Amino acid sequence: MKNTVHISRRGVLAAIGSAGAAATLGVAPRRARANTAPAGRVVVVGGGFGGATAAKYLKRRNPKIDVALVEPSEVFVTCPFTNLYFGGLRTFEQQEHNYDELRSLGVNVIHDTAQAVDGKAHTVTLGNGQVLPYDKLVLSPGIDFRWDAIEGYDEAAAELAPHAWKAGPQSRLLREQLEAMPDGGLFIMVAPPNPYRCPPGPYERVSMVAHYFKTHKPNSKILVLDAKDNFSKQGLFTDGWKKFYDGMIEWVPASKDGKVIRVDAKNLTVETEFGEKHKASVLNVIPPQKAGFIAERAGVTNESGWVPIDPHTFESTQVPDIFVVGDATVAAPMPKSGFVANNQAKVAAAAIVAALEGKEPPQAAFANTCYSLIAPDYGISVAGVYAVEDGKLVEKAGGLSPRDASDEFRKLEAEYGVGWYQSISQDAWGTGA
Amino acid sequence: MKNSVIKTAAAVAMAWLAVSPAAANDATAQPAQSTFDVSVQAATCFTCHGTGGTSPGSIPSIAGRPESVLLMQLKGFQADPPPAGTTVMNRLAKGYSAEELAALARYFSQVSR
């Protein structure tokens, strides 16, 4: 069956002609709707966990819907599992994914940046000036940084003190700096305030850098200066750090002057709220965050900088026919994770397909599992099941790996973490890992 | 080509609607705010167990396994302590009603590997 899908969709694309595919997108569905089965035009902005999944599940649910995916990168690099690259446990390339499967499903993949959205006219304007009309729009824009939040930390400073919180050249830069650092150096991480992409991510990164130091530069130290007083999976991380990296990692909460307010990237120096200065050998600043810029331009963000949504469908509460998924949304108690973006995208896709067919949206369902790796055979997780009750998202069940779990349990969760990455990569992009 | 497109559409539709009887039965147990579609709920499982429940990696596949076995396992995961070797499913399974677990077990039993 799979082969039939590929051949027939390619056949359709070939018949349209690759050059005409984008132009046809705007015209064909209206005709098709008038005399044959219901269809529609959906544009998806962003090709990460949320966007790629949305495009795929729109096609899976109704192949007759015209789906265009707008994503600047031909090869997408995921943040999840990039921490293992810092630990020396994976190559950079193992986090790369392409859009071949989406193309084979008939998705019109356009490698450009969405620059503007007109919610009234129902159009998206691309960097090259092309205008894409839509019936329904999915935005999966991820995050952008608040470059004005920490004095001295702007895009130029990030070339010296990488954030590496969007995977790609920034990740390679941080890895190169760690490799070039002499034994006995100090790695400083400036950890962000809530809410931000991937709550346990900074602390998994600390674990993986510690693993790299332990195996290659055992006299080196790690200092985490945090804008928060507690963090995701804190007890489990703290236990793991003591077990594997005792004495190497110091974590300073905001209440103990951990909040950094000034960065001097040239001198790799940071200054805290109460004026203490720390000098790093390698400096990783993860700044405060907000929804990706296209969300703001589309008018779907609120004063928080994030996107409020209807939890039944993930349609914007501010602009009709725009659905927003992933890190950009206000969806607590669900975390800003790849798993959640993938899950929200499936709910949005089902709601859009139903709406285009003139039906009510199906009942939404959500889950999350986030694995973190502390050492090669030592993984931990947080999980949750979510539902909409009285119009609000609630956690039905969930929790952390037990604090007293056996080494065997931790080893299984390390293996399942890898399994999760393989499964979600296949689910979103159709790519192995 | 036309035939293959229709066949494809039919096959895709079948894959997704294979369990509509289960969905219809279960709808009575759900809040009336919107229709229950087991494929939406099942898709939350795909993220770890693979698209359609066929896993490419270390997490077990669940597609095409007997309904009774799947249901017994899902109920088992809810117990404290859960069966030996259980990790995250003890925390996740508790988020589903008996009706939802039954619908999921039926859904995955009817998906071919």
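Above this text sits the structure in question.
Residues numbered from 1 in each chain as written. Chains lettered and ligands numbered in written order. Predicted model: local features only at pLDDT ≥ 70, side-chain atom pairs only at ≥ 80, totals over all residues. Heavy atoms only, no water.

A word on the environment of G391(A)
All names here are of chain A.
Link 1 in the chain: Structurally, the position occupied by G391 is in the loop between β24 (378–389) and β25 (392–400).
Link 2 in the chain: Sequence separation of G391 and H312 is 79 residues, and the distance between their C-alpha atoms is 7.7 Å.
Link 3 in the chain: Contact partners of G391, with chain neighbours within four places excluded, come to P311 and H312. (Helix = DSSP H or I, 4+ residues; strand = E, 2+ residues; numbered from the N terminus. Contact = heavy atoms within 4.5 Å.)

Things to note about the pattern of salt bridges
Link 1 in the chain: Under the counting rule described, the total for this entry stands at 22 salt bridges over all chains.
Link 2 in the chain: The partner of D246(A) in a salt bridge is K242(A), with the nearest N and O atoms 3.9 Å apart.
Link 3 in the chain: In this structure, the salt-bridge partner of R106(B) is E67(B), at a minimum N-O distance of 3.5 Å. One end of the pair, R106(B), is in helix α6 (residues 98–110); the other, E67(B), is in helix α4 (residues 67–77), with 39 residues separating them in the sequence.
Link 4 in the chain: For R106(B), a relative accessible area of 28% puts it in the partly exposed group.
Link 5 in the chain: Because the salt bridges share partners, they merge into one network encompassing E151(A), R262(A) and E271(A). (Salt bridge = Lys/Arg side-chain N within 4 Å of Asp/Glu carboxyl O. Buried < 20%, exposed > 50% of the residue type's maximum accessible area, 1.4 Å probe, protein only.)

Some words on α6(B)
Link 1 in the chain: Relative to the 18 Å expected for 13 residues at 1.5 Å per residue, α6(B) spans 19 Å between its end C-alpha atoms, a close match to the ideal helical length.
Link 2 in the chain: All of the buried residues along α6(B) are E100(B), L101(B), A103(B), L104(B), A105(B), Y107(B) and F108(B). (Expected span 1.5 Å × (residues − 1).)

Here's the deal with the environment of G142(A)
All names here are of chain A.
Link 1 in the chain: For G142, the position within the fold is in the loop between β9 (136–139) and β10 (143–145).
Link 2 in the chain: Here the alpha-carbon distance between G142 and L412, two residues 270 residues apart in the chain, equals 30 Å.
Link 3 in the chain: The contact partners of G142, leaving out residues within four places of it in the chain, are R197, K290, A291, G292, D327 and A328.

Some thoughts on the packing of helix α11 (residues 338–356) of chain A against helix α12 (residues 407–429) of chain A
All names here are of chain A.
Link 1 in the chain: The contact between α11 and α12 brings their axes to 11 Å, and the two run at 30°. Crossing angle aside, the handedness with which α11 passes α12 is left-handed. Of α12, the residues touching α11 (which contributes G338, F339, N342 and K346) are W420, I424 and D427.
Link 2 in the chain: In terms of residue class, the contact of α11 with α12 is built from 3 nonpolar, 2 polar and 2 charged. (Axes fitted to C-alpha atoms, helices over the stretch in contact; angles between N-to-C directions. Left-handed = near helix turned anticlockwise from the far one by under 90°. Nonpolar A, V, L, I, M, F, W, Y, C, P; charged D, E, K, R; others polar.)

Observations concerning the sheet that holds strand β15 (residues 269–272) of chain A
All names here are of chain A.
Link 1 in the chain: Here we have 3 strands laid out as an open sheet, ordered β14-β15-β16, and antiparallel in their pairing. Of all the strands in the sheet, the pair left with one neighbour each is β14 (260–264) and β16 (277–279). Going from strand to strand, the sheet's axes swing by 20° on average, the running direction of each strand aside.
Link 2 in the chain: Looking at chain direction, β15 and β16 are connected through 3 bridges and run antiparallel. When the bridges of β16 are listed, V270 appears paired with H278. (Pairing = 2+ DSSP bridges.)

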